[in-house]
Amino acid sequence: TVVDATGLLVLPGLVDVHVHFREPGMTEKEDFGSGTRAAAAGGVTTVVDMPNTFPPVATAEGFQQKLDLVAPKAHVDFGLYGMLGQDNAAEIGAMAELGAMGFKLFMGQTTGDNRCPDDAAIYRGLEAAAAADLVVGVHAENDHLLRMFIDRLRASGRTDPRAHLASRPTFVEVEAVTRIITLATEARTKLHIHHLSTGAGLRRVRDLRAAGHRVSVETLVAHLFFDDSAYDTHGNLVKLNPPIRPAEDVAELWAGIGRGDVDVIATDHAPHTPAEQAEQDVWRAYGGFIGVETMLPLLLTAAAEGRLTVEDIVRLCSYTPAQRWSMPGKGRLTPGADADFVLVDADATGVVDPARMHSRHNVTPYAGHPLRGAVVATYLRGESVFDKSGITGAPRGRQVRPARQV
Ligand code: NCD
Ligand code: ZN
Ligand code: ZN
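The notes below deal with the structure included here.

1. Focus: the overall build of the protein
Within the protein one finds 14 helices and 13 strands. Its C-alpha radius of gyration of 20 Å places the protein within 12% of the 22 Å reference for a compact globule of 406 residues. Dimensions of the protein along its principal axes, counting C-alpha atoms only, are 60 × 50 × 40 Å. Positive and negative charge centroids in the protein, built from 40 and 50 side chains respectively, lie 2 Å apart.

What follows is the structure, encoded as structure tokens:
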């Protein structure tokens, strides 16, 4: 193939380690076809899909069923997480055999039926993941504390969007971060903190790293681009677990990117139906919204504003995720690597336009957000998956299995 990239930037395809493409069982929100089309249009060539589906992916049998279900629909390459649940340590090894990219531990209440496992169950799961040399990715919020705060706020009659932020004070995150890092160090597990949202959480990670603990940290595009003023403009559309935080936290996350404390930026692409996104009662509303198609344009815009560099984007969204999850051939454009790349017009100006997006539903709080930088074309293993005509070709995405490093 000859590709004309005159005047364009060529970047390695993005590796988004945090998406919810909702299969099985929640396809009214998204499916693997629409989710991976949105990824391709966003310059994302590899995704890691989360297991909080219906049913959750917590057994080898469920993992294989999901693989069979989604593989034929994938327009980009994908890894799948299994669940680290209350009593499934034995299944973790079996899911590893099927190529699980890692295991998700939900410590705090979020979409799906995710009660936090008890500490002994967590520890057994961490050991099982360590034996397979696979990452455990954690949603770090203390479930008991946040449910108590929700109960109190409900009893007080609050139903406004900001009550969600009030239900999750920073120590709800800091406590869970501290506990899980402590356990994972003992179990010798590769630990990744998904969607760290608070300055206090990041400071705690820094302290624990200084004491010798090893952990990787992710921030979301959403936690970098929105502060709590977004509750006034967007209401429950920006409900997110963990919540959109005050501006001081957002500033600390950006500073953490500048200092190298943040390893990965991801989307937490978490679609819901338009009716669910319009829910007025904060306690009935779902957390999460789409993001896989807007991540790169938004980050390029931030780069044009000098908030980070294009090299930072490549490291945080492509190189480091591929390394950390041991994805062979991904995250770099060197001889022998997969030819997953994206052509970017760094000077293109525009706005986020939901009408031109590819998710099942395109309700997004970024609608109308000014952009500087656009995805022109995306290539997966050397062949076009997106260009100016739209999504090109049949689904050719493959499962990415982590290289064993034991
Ligand atoms: C996610 C979802 O809807 O699956 N929602 C969210 O608010 N982030 C789940 C999650 O990542 O916690
Ligand atoms: Zn989460
Ligand atoms: Zn998520």
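There is more to say, and it comes next.
2. Concerning the coordination of the zinc ion (ligand 2)
Distances from the zinc ion (ligand 2) to its protein donors, H139 (ND1) and H195 (NE2), fall within 2.0 to 2.1 Å. One way to put it: the four donor atoms around the zinc ion (ligand 2) meet at angles of 55 to 145°, and that makes the site irregular. The zinc ion (ligand 3) is placed at 3.8 Å from the zinc ion (ligand 2). Of the two residues, H139 is situated in strand β6 (residues 135-139) and H195 in the loop between β7 (190-194) and α8 (199-210); the sequence distance between them amounts to 56 residues. Both residues of the pair, H139 and H195, belong to the buried class.

3. Things to note about the packing of aromatic side chains
Following the criterion strictly, the structure yields eight aromatic pairs and no others. Ring plane angle 80° and centroid distance 5.4 Å describe the contact between F32 and F78, whose orientation is recorded as edge-to-face. Here the residue F32 occupies a position in helix α1 (residues 32-41), and F78 occupies one in strand β4 (residues 77-83), the gap between them amounting to 46 residues. Taken as a pair, F32 and F78 share a single burial class, namely buried. A ring pair is formed by F226 and F289, whose centres lie 6.2 Å apart and whose planes are at 80°; its orientation type is edge-to-face. In this pair, F226 sits in the loop between α9 (221-225) and α10 (230-234) while F289 sits in the loop between α12 (274-277) and α13 (295-304), placing the two residues 63 residues apart along the sequence.

4. Here's the deal with the site of ligand 1
Around ligand 1, the structure places 15 residues, and the nearest of them are R22, T110, T111, N241 and D268. One of the side-chain N or O atoms of T110 is found 2.7 Å from an oxygen atom in ligand 1. Calculation on ligand 1 without its partners gives an accessible area of 310 Å², and the protein chains cover 100% of this total. Taken together, the residues of the shell around ligand 1 break down into two nonpolar, 11 polar and two charged.

5. Quick look at the sheet that holds strand β12 (residues 383-387)
Ordered by their spatial adjacency, five strands build an open sheet running β1-β10-β11-β12-β13, and the pairing between neighbours is antiparallel. Edge positions in the sheet fall to β1 (9-12) and β13 (390-391), since each of these pairs with one other strand and no more. For β12 and β13, the ladder comprises two bridges, and the chain directions are antiparallel. Among the inter-strand pairings, D387 is bridged to a residue of β13, identified as G390. In this fold α13 packs onto β1, β10 (341-351) and β11 (370-380), with an angle of close to 130° to the strand it touches most, β11.

6. Some points on the coordination of the zinc ion (ligand 3)
At the metal site, the zinc ion (ligand 3) is ligated by H18 (NE2), H20 (NE2) and D268 (OD), and these contacts range over 2.0 to 2.1 Å. Each of the four donor atoms bound to the zinc ion (ligand 3) contributes to angles spanning 90 to 130°, and the resulting shape is tetrahedral. Counting along the primary sequence, the residues that act as donors to the zinc ion (ligand 3) give the motif H-x1-H-x247-D.

7. Side note on the pairing of strand β8 (residues 216-220)
Most of β8 sits inside the fold, with five of its five residues counted as buried. Pairing between β7 and β8: two bridges, direction parallel. Within β8, the residue paired with I193 across the bridge is V217. Once the chain exits β7 it traverses α8 before rejoining the sheet at β8, and the crossover so formed is right-handed. The pairing of β8 with strand β9 (residues 264-266) spans three bridges and is classified as parallel. The residue bridging E218 from the neighbouring strand is V264, located in β9.

What counts, and at which threshold
In this numbering scheme, every chain counts its residues from 1 along its sequence in written order. Both sets of labels track the order of writing: A upward for chains, 1 upward for ligands. Per-residue local features are limited, in this predicted model, to residues with pLDDT of at least 70; the limit for side-chain atom pairs, both in listing and counting, is 80 or more; totals at the level of whole chains, interfaces and linings are taken over all residues. In computing side-chain values, all of the structure's heavy atoms are included and hydrogens and water are not. The helix and strand labels rest on DSSP assignments: H or I over at least four residues marks a helix, E over at least two residues marks a strand, and numbering proceeds from the N terminus. Here the globule rule is a power law, 2.2 Å times the number of residues to the power 0.38, and the radius of gyration is based on C-alpha atoms. Positive charges come from Lys and Arg, negative ones from Asp and Glu, while His and the chain ends are left out of the count. For the purpose of locating charges, the reference atoms are NZ of Lys, CZ of Arg, CG of Asp and CD of Glu. The rule for donors is simple: N, O or S, within 2.8 Å of the metal, or within 3.2 Å if the metal is Na, K or Ca. Water isn't counted, so a site may look like it is missing partners. Any coordination sphere not matching a tetrahedral pattern (four donors, all angles between 85 and 135 degrees) or a square planar or octahedral pattern (four or six donors, opposite donors over 155 degrees apart, other angles between 65 and 115) is reported as irregular. Throughout, exposure labels follow a simple rule: accessible area from a 1.4 Å probe, protein chains only, divided by the maximum for the residue type, with under 20% read as buried, over 50% as exposed, and the rest as partly exposed. Note on aromatic pairs: the rings of Phe, Tyr and Trp (six-membered ring only in Trp) are paired at centre separations within 6.5 Å, and the planes decide the class, stacked below 30 degrees, edge-to-face beyond 60, tilted for the rest. Each residue is tested against the molecule or strand, and it is near if at least one of its non-hydrogen atoms lies within 4 Å. For the purposes of these results, a polar contact is taken to be a pair of N or O atoms within 3.5 Å, where, inside protein, one atom must be able to donate a hydrogen and its partner to accept one; residues adjacent in sequence count only when each atom of the pair is a side-chain atom. Reported accessibility uses the Shrake-Rupley method at a 1.4 Å probe radius. Residues are deemed covered only where the shown protein chains occlude them. When residues are sorted by character, Ala, Val, Leu, Ile, Met, Phe, Trp, Tyr, Cys and Pro go into the nonpolar class, Asp, Glu, Lys and Arg into the charged class, and all the rest, Gly among them, into the polar class. Two strands qualify as a pair provided DSSP detects at least 2 bridges between them. Residues count as neighbours in contact if any of their non-hydrogen atoms are within 4.5 Å of one another. Only C-alpha atoms enter the line fits that serve as axes; for helices the fit covers just the stretch in contact. Angles between N-to-C directions range over 0 to 180 degrees. Assignment of crossover handedness uses the view with strands pointing away from the viewer, where a clockwise path from the first strand over the helix to the second indicates a right-handed crossover.

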